[in-house]
Amino acid sequence: KASHDATGALSLVAVAQTALPFVASWFVTSPLTGVYDENSSGGNLIQDTLIQTAKGWALAIPLGCVLRGVLKGYAPPVPFVIVTMIATLVVLTVARLGYAVLRDFFLELVN
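Everything numeric in this text was worked out from a predicted model, so none of it was measured.

Thresholds applied
Residues numbered from 1 in each chain as written. Predicted model: local features only at pLDDT ≥ 70, side-chain atom pairs only at ≥ 80, totals over all residues. Heavy atoms only, no water. Helix = DSSP H or I, 4+ residues; strand = E, 2+ residues; numbered from the N terminus. Contact = heavy atoms within 4.5 Å. Areas by Shrake-Rupley, 256 points an atom, 1.4 Å probe, with all protein chains shown as cover. Lys, Arg positive; Asp, Glu negative; His and termini not counted. Charge placed at Lys NZ, Arg CZ, Asp CG, Glu CD. Expected span 1.5 Å × (residues − 1). Buried < 20%, exposed > 50% of the residue type's maximum accessible area, 1.4 Å probe, protein only. Axes fitted to C-alpha atoms, helices over the stretch in contact; angles between N-to-C directions. Parallel < 35°, antiparallel > 145°, perpendicular 65-115°, else oblique. Left-handed = near helix turned anticlockwise from the far one by under 90°. Nonpolar A, V, L, I, M, F, W, Y, C, P; charged D, E, K, R; others polar.

Caption draft 1: Just the overall build of the protein chain, in detail. Summing up its helical and strand segments, the protein chain has 3 helices and 0 strands in all. Secondary structure elements of the protein chain, listed N to C terminal, follow the sequence α-α-α. Each principal axis of the C-alpha distribution contributes one length, and for the protein chain these read about 55 × 25 × 20 Å. Long-range pairs, those at least 24 residues apart, make up 59% of the contacts in the protein chain with a sequence separation of at least 6. When the accessible surface of the protein chain is split by element, carbon and sulfur atoms take 72% of a total near 7,400 Å². Here the protein chain holds 6 positive side-chain charges and 6 negative ones, and the gap between their average locations is 16 Å.

So this is what it looks like as structure tokens:
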């Protein structure tokens, strides 16, 4: 649903409540998966970023689904899990790639 509210009304609180378990799981698991570690391999920036993001996504998003289920008191329906897995993969990949490219650009500009 566009609003994530039971009534169908636009509710930023409802959207935040839906996103909270996923954001929390991302930040809790990111130190374990090395999502924010420096790319020390010296390899391809895009490939390194994709690998780091995929490692974080593979742990954080399923954990977010479990956490959301615990908070809601029931297991999320399978379509919700599928849409969540696909949507978060796309959003995280685009955001992390954008950040990596801009960071690299500005570091080159400064140095």
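More follows now that the structure is in view.
Caption draft 2: How the structure looks around helix H3 (residues 78-110). Taking 1.5 Å per residue as the helical rise, H3 with its 33 residues ought to reach 48 Å, and the 47 Å between its terminal C-alpha atoms agrees with that figure. Listed as buried for H3 are Phe80, Thr84, Met85, Thr88, Leu92, Thr93, Arg96 and Ala100. Tucked inside the fold, the buried residues of H3 contact helix H1 (12-33) and helix H2 (45-72).

Caption draft 3: Spotlight on the packing of H1 against H3. At a closest axis distance of 13 Å, the pairing of H1 and H3 adopts a crossing angle of 55°. Taken as axis vectors, H1 and H3 run oblique relative to one another. Our pair here, H1 against H3, has a crossing hand that is right-handed. Contacts between H1 and H3 involve Thr18, Phe22 and Trp26 on the former and, on the latter, Phe80, Thr84, Leu92 and Arg96. Grouping the constituent residues of the contact of H1 with H3 by class yields 4 nonpolar, 2 polar and 1 charged.

Caption draft 4: Spatial organisation of the environment of Leu20. In this fold, Leu20 is placed in helix H1. Measuring from C-alpha to C-alpha, the distance between Leu20 and Leu67 comes to 9.4 Å, with 47 residues separating the pair along the chain.

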